[in-house]
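If you want the building blocks of each chain, they are given just below.
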Amino acid sequence: MRFKTISILGFWGLFLVSMASHAQDETVAIQSADDVEELDDKFQELFFEALKQKGIENYNRSVEALQKCIEIDDSHSVLYFEMGKNYNKLKNFGAAEEALKKAVKLEPGNEWYLDELYDVYVHQNDYNKAIKTLKQLVEYHPDYKEDLAALFVRTKDYDEAIKVLDELDEEFGLSSRRDFLRNQVYDATGQKKEQIENLQERVENDPNQESNYLALIYRYSESGDTEKAFETSKKLLEIHPESQLVHLALYKFYLDDQEPEKAIESMKIAMKSPEIKAEAKVLVLSDFVRFVGKHPEYEQDLVEVSAMVGDSNDSKTLVELAQYYIAKGEKEKAIKYYSEALQLEGDNYSVSRNIIVLHIDLEQFDIAYKKSAEALVKYPSQPELYLMAGLSLNKINRFKDAIDQLNMGLDYIIDDVNLESDFYYQIAQSYLGLQQPNEAKRFTEKANKLETPK
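## As for the overall build of the chain
- Of the regular secondary structure elements, the chain holds 26 helices and zero strands.
- Considering only intrachain contacts with a sequence separation of at least 6, the fraction spanning at least 24 residues in the chain is 50%.
- Carbon and sulfur atoms form 49% of the exposed surface of the chain, whose accessible area is close to 24,400 Å².

## Regarding the environment of Glu-111
- Assignment of secondary structure puts Glu-111 in helix H7 (residues 111-123).
- Among the residues examined, Glu-111 registers a relative accessible area of 17% and is labelled buried.
- Put simply, Glu-111 and Gln-136 are 25 residues apart on the chain and 8.7 Å apart in space, counted from C-alpha to C-alpha.
- Other than its neighbours up to four places away in sequence, Glu-111 contacts Leu-137, Tyr-140 and Tyr-144.

## Some points on the packing of aromatic side chains
- Taken as a whole and assessed by the stated rule, the structure comprises ten aromatic pairs.
- The interplanar angle of 85° and the centroid separation of 5.5 Å between the aromatic rings of Phe-230 and Tyr-254 together place this pair among those described as edge-to-face. With Phe-230 in helix H14 (residues 226-239) and Tyr-254 in helix H15 (residues 247-256), the pair connects residues that are 24 residues apart, well separated along the chain. Taken as a pair, Phe-230 and Tyr-254 share a single burial class, namely buried.
- Centre to centre, the rings of Tyr-431 and Phe-443 are 5.7 Å apart; their planes meet at 15°, and the pair counts as stacked. Taken together, the positions of Tyr-431 in helix H25 (residues 417-433) and Phe-443 in helix H26 (residues 437-450) put the pair twelve residues apart, joining distant regions of the chain.
- Given a relative accessible area of 14%, Tyr-431 falls into the buried group.
- Here the aromatic cluster, defined as three or more aromatic residues joined through ring pairs, consists of Phe-230, Phe-253 and Tyr-254.

## Digging into the environment of Arg-182
- Relative to the assigned elements, Arg-182 resides in helix H11 (residues 176-189).
- For Arg-182, a relative accessible area of 3% puts it in the buried group.
- Along the chain, Arg-182 and Ala-150 lie 32 residues apart, while their C-alpha atoms are 9.4 Å from each other.

## Quick word on helix H16 (residues 260-272)
- In a regular helix each residue adds 1.5 Å, so 13 residues correspond to 18 Å; H16 covers 18 Å between its end C-alpha atoms and thus fits that length.
- Burial in H16 covers these residues: Ala-263, Ile-264, Ser-266, Met-267, Lys-268, Ala-270 and Met-271.

## Some thoughts on unusual backbone geometry
- In this structure, Glu-57 takes a positive phi of about 65° despite not being glycine.
- Mapping Glu-57 onto the fold places it in the loop between helix H3 (40-55) and helix H4 (59-72).
- Backbone geometry places Asp-415, a non-glycine residue, at a positive phi of 50°.
- If you trace the backbone, Asp-415 turns up in the loop between helix H24 (399-410) and H25.

## A word on the side chain of Thr-232
- Along the chain, Thr-232 turns up in helix H14.
- Other than its neighbours up to four places away in sequence, Thr-232 contacts Tyr-213, Leu-216, Ile-217 and Tyr-220.

## What about the nonpolar core?
- Among the nonpolar cores identified, the biggest contains 51 residues, and Phe-47, Leu-79, Met-83, Tyr-118, Leu-134 and Leu-151 are the most heavily contacted of them.
- Formed by 30 residues, the second largest nonpolar core is a distinct cluster that contains Val-284, Leu-285, Tyr-298 and Ile-355.

What counts and what doesn't
Residues numbered from 1 in each chain as written. Predicted model: local features only at pLDDT ≥ 70, side-chain atom pairs only at ≥ 80, totals over all residues. Heavy atoms only, no water. Helix = DSSP H or I, 4+ residues; strand = E, 2+ residues; numbered from the N terminus. Contact = heavy atoms within 4.5 Å. Areas by Shrake-Rupley, 256 points an atom, 1.4 Å probe, with all protein chains shown as cover. Buried < 20%, exposed > 50% of the residue type's maximum accessible area, 1.4 Å probe, protein only. Phe/Tyr/Trp six-rings, centres within 6.5 Å; stacked < 30°, edge-to-face > 60°. Expected span 1.5 Å × (residues − 1). Core = buried A, V, L, I, M, F, W, Y, C linked by side-chain atoms within 4.5 Å.

All we've got here are geometric facts, nothing functional implied.
Below, the structure written as structure tokens:
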């Protein structure tokens, strides 16, 4: 795993772009050295050949050119640096380490050399050597120090990791990436108390920062201290009455505290909030649906939320509503929400299938056939669609068309004897409709022969 931060990667991108100017600087250094004059041109020719070969990803050729440079003059650190980078690309990490250590020995304070050596150690999962190199690199850029904390987490040196994270937070303020590392440490060590104390301190030090409260609420809830989580939620609402995210926690606490009116108000705020992601809204809606299932007197509130969902461009919540109305036996409403969800998603076989099933249940066979035919354009290899199309055609007395649909669908059945039996049963119904009892009997027998207990 590579721990390098984005800024360091960007630095390397700039370095690659400016390689030509770097090479020119090295050439100037070479020309000013006490080299034998007649060897200068040959050295430079080989050095630029090495850069060219590396640029076209011919790393072995680049190494050969650099080795010839070293034979001429082995006193230039950049030769070993370029050699190390080539070996790194070739995944010859042992040779890369050897070359880069020579570069560092010749120029101990060169950040680029140390960074490439660090990369070698990370590729080899040699985290102890990587840590040793990073400790040298932290002098140049704080991002290296963040990598150091990540490596301490990897090597399970959690005390050192927390120490480095505390230093970085003190110097540069909080960051989500460092919080992620900090939480990894707390989770690995089971230091829930220390984690909560850290968050409490953040709230005290910066009482206007909403994210600190939300993190503390989450950790209280996770540790089972719902009373403190509830208190913290109400405190956040006092300080930030416009907060929307807090209602993701508040509605649950209000429900547990037997305050349904407040719970519903919080649910509505959460459902309307553009700050809250669709996945979270699905959970809110699920809780709302379950609540109304036990307390039907609040169904009008669910209707209001349903209207909000319709305007939210959130297909998952629409599907959740559809499933709620199926459970209540209100299939027309379920079709409405499934259809709205399908308009948002476009391609969703499961939703398309459920709509057709509901039309069949409602004995709306003309619509069911039409929807099946539309779905088959998108999903021509789904045998269930052919079966539902055939069934619907049978119900509207289009028996020959039903047989055609059903025969086509049979070709797409793979290892599903019960489904195949259903097809034969529908074909039998088609032949009964065509007043061909012998054919109907033949397909009924085929269906019965295949059918297994469900």
